[in-house]
Amino acid sequence: MAEAAVDFTGIVVGRQDYREHDALVRFLTQQYGFKTFIARGLKRPKAKLAGVTLPFTLGDYVGVVRPTGLSQLRTAKGTHLFRAPMSDIIANAYATYIFDLIRMAFPEGQAIPKWYTTGKNVLLGLDRGLDPAVLANIIEIQLLPAFGVAPQLRVCAICGRDDRPMDYSEAAGGLICDRHWAQDPHRFHAGAKTIYYMRRFSVVNIAQIQSIKINNTTKAELRTILDQIYSDTVGAYPRSKRFIDSLGQWNQDFKPLAPRTEPGKEASDDDDQ
Ligand SMILES: [Zn+2]
């Protein structure tokens, strides 16, 4: 029995060669979450699908969507290629990392319309010049609940107050106010601005950010703290993050946080290919 093709909307998040003339195109779709499609004949000269399946294209497509295994891509009805990830290697690296991280949080085929919209807002944000590192931090913080880590970032995790200086404590599972700082020698010793942005990022809607400027010291602290949280409690470290780490751009003005006596756990590599 022939399978019916359906319309779907999606963002191309990856493409790789498959067999002699075909390719696999991975989408974050609005309707079905992440789905991998076989695009037959894509590598043949003048293949129509080649131009509409470049990474970070958003479009309306037609294909046979299967509940498991490879789906099949037929045609595109209308597409838009985001400019920043195509023209800027840094924006490309962060966009790749952001979608890799979302993919680690949700199995293929699980509908995640909210994260489809968020992913689209990330690409729109990159195209209007938002800082890719900041967008990555926002996604990292907002993804924590999906990874089963839901840090208390609203009020003090111990006493519930929100009117005192705060620091981050992994032991307490979130922010703690200065009245309890003595209880956790491993608290992060994060600056007030860093804590401010962690709280703000946990609730911000990327579509509503017009511009955001964060100094390099605060950016370095955010990077260090989120790396620590991901290493200690999430364990997700996509391959694309290694490239970002190797860029080293973020740490030009890096001032190390207070030393932590407990050795950090090794980051594990959960990349699936
Ligand atoms: Zn407190």
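Residues numbered from 1 in each chain as written. Predicted model: local features only at pLDDT ≥ 70, side-chain atom pairs only at ≥ 80, totals over all residues. Heavy atoms only, no water.

Chemist: Lay out the overall build of the protein chain in plain terms, naming residues and giving numbers.
Modeler: Summing up its helical and strand segments, the protein chain has seven helices and seven strands in all. Walking the protein chain from its N terminus toward its C terminus, one meets helices and strands in the order β-β-β-β-β-α-α-α-α-β-β-α-α-α. Here the protein chain, with 273 residues, has 49% of them falling under the buried criterion. Taking as baseline every contact in the protein chain between residues at least 6 positions apart, the subset at least 24 positions apart corresponds to 63%. (Helix = DSSP H or I, 4+ residues; strand = E, 2+ residues; numbered from the N terminus. Buried < 20%, exposed > 50% of the residue type's maximum accessible area, 1.4 Å probe, protein only. Contact = heavy atoms within 4.5 Å.)

Chemist: Can you tell me about the coordination of the zinc ion, naming the residues and giving the values?
Modeler: Taken together, the protein donors to the zinc ion comprise Cys156 (SG), Cys159 (SG), Cys177 (SG) and His180 (NE2), at separations of 2.2 to 2.3 Å. Classification of the site at the zinc ion as tetrahedral follows from its four donor atoms and the range of 101 to 120 degrees in their angles at the metal. One chain supplies every donor for the zinc ion, spaced along it as C-x2-C-x17-C-x2-H. You can see Cys159 sitting in the loop between α4 (132-143) and β6 (166-169) and its partner His180 sitting in the loop between β7 (174-177) and α5 (192-201), a full 21 residues away along the chain. (Donors = N, O, S within 2.8 Å, 3.2 Å for Na, K, Ca; no water. Tetrahedral: all angles 85-135°; square planar, octahedral: opposite > 155°, others 65-115°.)

Chemist: Describe the pairing of strand β5 (residues 71-81), listing the residues and the values that go with them.
Modeler: Of the strand pairs in this sheet, strand β3 (residues 33-39) and β5 are connected by two bridges, and their pairing is parallel. By the bridge assignment for β5, Phe37 is matched with Ser71. Strand direction decides the pairing type here: strand β4 (residues 57-64) and β5, joined by eight bridges, are antiparallel. Paired with Gly63 across the two strands is Leu73, which belongs to β5. Between β4 and β5, which follow one another and run antiparallel, lie six residues, and Gly69 among them has a positive phi close to 75 degrees. (Pairing = 2+ DSSP bridges.)

Chemist: Can you lay out the environment of Leu130 for me, pointing to particular residues and giving the numbers?
Modeler: You can see Leu130 is positioned in the loop between α3 (113-127) and α4. Looking at Leu130, the relative accessible area reads 6%, which means it is buried. Placed 76 residues apart in sequence, Leu130 and Ile206 show a C-alpha to C-alpha distance of 9.6 Å.

Chemist: An account of the environment of Ile112 is requested, with residue identities and associated values reported.
Modeler: Inspection of the secondary structure puts Ile112 in the loop between α2 (89-105) and α3. With sequence-adjacent residues up to four places away left out, Ile112 is seen in contact with Leu28, Gly33, Phe34, Ile102 and Phe106.

Chemist: Could you give me a rundown of the side chain of Asp100, with the residues and numbers involved?
Modeler: The topology assignment puts Asp100 in helix α2. Once residues lying within four places of it in the same chain are set aside, the contact partners of Asp100 are Pro238 and Ser240.

Chemist: Describe α5, and please don't skip the residues or the numbers.
Modeler: Among all positions of α5, only Thr194, Ile195, Tyr197, Met198 and Phe201 are buried. Buried residues in α5, looked at end-on, bunch into an arc of 165 degrees, giving them a common side. Every exposed residue of α5 that faces more than 90 degrees away from the buried side is listed here: Ala192 and Lys193. Of the surrounding elements, those touching the buried residues of α5 are α4, β6, β7 and α6 (216-234). (Arc of directions from axis to C-beta.)

Chemist: Quick one: what's the story with the side chain of Asn121, residue by residue and with numbers?
Modeler: Checked against the element boundaries, Asn121 lands in helix α3. Among the residues examined, Asn121 registers a relative accessible area of 13% and is labelled buried. Apart from residues no more than four positions distant in its own chain, Asn121 is found in contact with Asn205, Ile206 and Ala207.

Chemist: Could you give an account of α4, naming the residues involved and the relevant values?
Modeler: Helix length check: α4 (twelve residues) gives 16 Å between terminal C-alpha atoms against 16 Å at 1.5 Å per residue, within 8%. The element α4 is extensively covered by neighbouring structure, given that twelve of its twelve residues are classed as buried. All of the buried residues along α4 are Pro132, Ala133, Val134, Leu135, Ala136, Asn137, Ile138, Ile139, Glu140, Ile141, Gln142 and Leu143. Looking at the buried residues of α4, the elements they touch are α2, α3, α5, α6 and α7 (239-247). The N-capping residue of α4, defined by a side-chain oxygen 2.9 Å from the backbone nitrogen of Ala133, is Asp131. (Expected span 1.5 Å × (residues − 1). Polar contact = N/O pair within 3.5 Å; in protein donor to acceptor, adjacent residues only side chain to side chain.)

Chemist: Any chance you could break down the confidence of the model for the protein chain for me, citing the residues and the numbers?
Modeler: Per-residue pLDDT for the protein chain has a mean of 90; in total, 90% of the residues score no lower than 70. Note on residues 261-273: pLDDT under 50 across the span, and 23 contacts to partners over four residues away in sequence or across chains. (pLDDT = per-residue confidence, 0-100.)

Chemist: I'd like to hear about the sheet that holds strand β2 (residues 22-29), residue by residue, with values.
Modeler: Strand pairing in a sheet relies on backbone hydrogen bonds, with the paired strands running either antiparallel or parallel. If you walk around this closed barrel you meet the five strands as β1-β2-β3-β5-β4, and the pairing is mixed. The mean inter-strand angle of the sheet, taken between neighbouring strand axes irrespective of direction, is 50 degrees. Relative to the sheet, α2 contacts β1 (6-18), β2 and β3, its axis offset from that of β3 by approximately 110 degrees. Running at roughly 65 degrees to β1, α3 makes contact with β1, β2, β4 and β5 of the sheet. (Axes fitted to C-alpha atoms, helices over the stretch in contact; angles between N-to-C directions.)

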